[in-house]
Structure formats: structure tokens, C-alpha cells
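# Reading the structure
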Amino acid sequence: MKTAQRTFFLYWLPVIALCAAIFVQSSFPPPDLGLPFPLKDKVMHMVAYGLLAVLFFRACRLTWPDRLSPMQLMAISVLFASLYGLSDEFHQSFVVARQADALDGVADVAGSILGALGYMWVVSRRGFNPYDR
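Note that this is a predicted model, so its numbers are computed, not measured. (Residues numbered from 1 in each chain as written. Predicted model: local features only at pLDDT ≥ 70, side-chain atom pairs only at ≥ 80, totals over all residues. Heavy atoms only, no water.)

## A short note on the side chain of Asp-108
Convention followed: Strands are runs of DSSP state E lasting at least two residues, helices are runs of H or I lasting at least four, and both sets are numbered from the N terminus onward. Between buried and exposed lies partly exposed: a residue is buried under 20% and exposed over 50% of the maximum accessible area for its type, with that area taken using a 1.4 Å probe on protein chains only. Only four residue types enter the charge count, namely Lys and Arg as positive and Asp and Glu as negative; His and the chain termini do not. Between Lys or Arg on one side and Asp or Glu on the other, a salt bridge is scored when a side-chain nitrogen of the former is within 4 Å of a carboxyl oxygen of the latter. Any two residues whose heavy atoms approach within 4.5 Å are treated as being in contact.
Mapping Asp-108 onto the fold places it in helix 4 (residues 102-125). No salt bridge is formed by the buried Asp-108; its nearest oppositely charged neighbour, Lys-42, is found at 8.6 Å. Discounting residues that sit within four places of it in the chain, Asp-108 has contacts with His-45, Tyr-49, Gly-85, Leu-86 and Glu-89.

Below, the structure is given as C-alpha cells:
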């Protein structure tokens, strides 16, 4: 397999797949997943958009290892995942049995920040200095 194809399948396809899964899932009424607990919906938003930020950070870092500093990667990862989350809230405003919720948007942004910070912390523990270029 060529390097460009391998890069796409290993790094970018997971980003696209998660974006597609979020879009499809938000086109239907919310599923009932497991035991109820307070703020379950917000936690699920944080997890989904944290994962999206991680996947995007990883794809950018491994596709273009010398183009952006780790702080720039973190910023664009948070921005990408947050904007996708906000666009999904807008999308939900047009879906019957769904509604746009500002607090869901806040949870999307918070999850994006936590996901990118967590990924940067993990890779820095493995020898990638997040403060060097």
C-alpha cells in the first residue's frame, strides 16, 4: 500500500468515520444508553468530542510531523472538534425529536479541550516533547 493511502486509512479515516457516526446518530432521536445518571448527556458529548479532538490531533501530528508545533496542533484540534460540535447542534435544530442545546455545545468544547490536552499529555509521556517544535 502506498504511503498516502496508508496515512489516509490509519489516520484520517477514523476522523471521517467518527464525524459521520456523530452526524448519523444526531439525525435520529437520542438513544437510551444504559443506566441514567445526572448530566449523562453532557458526559457523552464530552467523550465524543474529546475523542474527535484526539483523532484529529493524531492525524495531523502523524501526517505532517514537522509542520506545526504541538501547541498549534492542540489549538487546531480543539477548534476543529468544537466547530464540528457546534455545527452538529445547528444540524439538530432541523431534526424532529431533537433540539439545539447551548449546554451541549459547551460540553462539546470542554470535551475537545480535555481530549486534546489528554492526548498531548500521553504523547509527551512517551517521549514527544509537546513544547518543542
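## A closer look at the side chain of Arg-98
Formally: For the purposes of these results, a polar contact is taken to be a pair of N or O atoms within 3.5 Å, where, inside protein, one atom must be able to donate a hydrogen and its partner to accept one; residues adjacent in sequence count only when each atom of the pair is a side-chain atom.
The residue Arg-98 is located in the loop between helix 3 (70-92) and helix 4 in this model. A distance of 3.1 Å separates a polar atom in the side chain of Arg-98 from the backbone oxygen of Gln-25. When sequence neighbours within four positions are dropped, the list of residues in contact with Arg-98 reads Gln-25, Ser-26, Phe-28, Pro-29, Pro-30, Pro-31 and Gln-92.

## A word on the pattern of salt bridges
All told, the structure shown has three salt bridges when counted by the stated rule. Residue Lys-42 pairs with Asp-41 through a salt bridge whose shortest N-O separation is 3.1 Å. Judged by relative accessible area, which is 37%, Asp-41 ranks as partly exposed. Here Lys-42 ties to Asp-101 by a salt bridge, and the two come within 3.1 Å at their closest N and O atoms. Residue Lys-42 is located in helix 2 (residues 40-63), and its partner Asp-101 is located in the loop between helix 3 and helix 4; the two are separated by 59 residues in the primary sequence. Note on Asp-101: relative accessible area 23%, which makes it partly exposed.

## Some details on the layout of surface pockets
Heads up, the condition is: Cavities and pockets are defined on a 1 Å grid built over the protein atoms alone: a cavity is a set of grid points where a 1.4 Å probe fits but cannot escape, while a pocket is an open set with protein on both sides within 12 Å along at least five of seven lines, and lining residues are those with an atom within 4 Å of any such point. Grid points are joined across faces, edges and corners, and a volume is the space filled by probe spheres set on the points. Gly is placed with the polar residues, together with every amino acid not listed as nonpolar (Ala, Val, Leu, Ile, Met, Phe, Trp, Tyr, Cys and Pro) or charged (Asp, Glu, Lys and Arg).
Of the pockets and cavities examined, the largest pocket occupies roughly 580 Å³. Forming the boundary of the largest pocket are 24 residues, of which Gln-25, Asp-41, Met-44, His-45 and Arg-98 lie nearest the centre. If you list the elements that add at least two residues to the lining of the largest pocket, you get helix 1 (3-25), helix 2 and helix 3. Among the elements that take part in the lining of the largest pocket, helix 2 stands out by supplying seven residues, more than any other. Each residue belonging to the lining of the largest pocket can be placed in one class, and the counts come to 11 nonpolar, five polar and eight charged.

## Here we look at the packing of helix 2 against helix 4
Operational definition: Axis angles are defined between N-to-C directions and span 0 to 180 degrees, where every axis is a line fitted to C-alpha atoms and, for a helix, only to the segment in contact. Angular relationships are summarised with four words: roughly parallel below 35 degrees, roughly antiparallel beyond 145, roughly perpendicular across 65 to 115, and oblique for the angles in between. Handedness of a helix crossing follows the sense of rotation of the near helix relative to the far helix, less than a right angle counterclockwise being left-handed and clockwise being right-handed.
Running from amino to carboxyl end, helix 2 crosses helix 4 at an angle of 45°, the nearest separation of the two axes being 6 Å. Judged on the interaxial angle alone, helix 4 and helix 2 are oblique. Like other packed secondary-structure pairs, helix 2 and helix 4 cross with a definite hand, here right-handed. Residues of the contact of helix 2 with helix 4, tallied by class, amount to 13 nonpolar, five polar and six charged.

## Describing the nonpolar core
Which entries qualify depends on this criterion: For the purposes of this section, nonpolar cores are sets of buried Ala, Val, Leu, Ile, Met, Phe, Trp, Tyr and Cys residues that join through side-chain atoms within 4.5 Å.
Core analysis: the largest hydrophobic core is formed by 23 residues, its most contacted members being Trp-12, Val-15, Leu-52, Phe-57, Met-74, Tyr-84 and Ala-116. For this core, the secondary-structure elements that each account for two or more residues are helix 1, helix 2, helix 3 and helix 4. Looking at this core element by element, the count peaks at eight residues for helix 2. What Met-74 contacts, discounting residues up to four positions off in sequence, is Phe-57, Ala-116, Leu-117 and Met-120.

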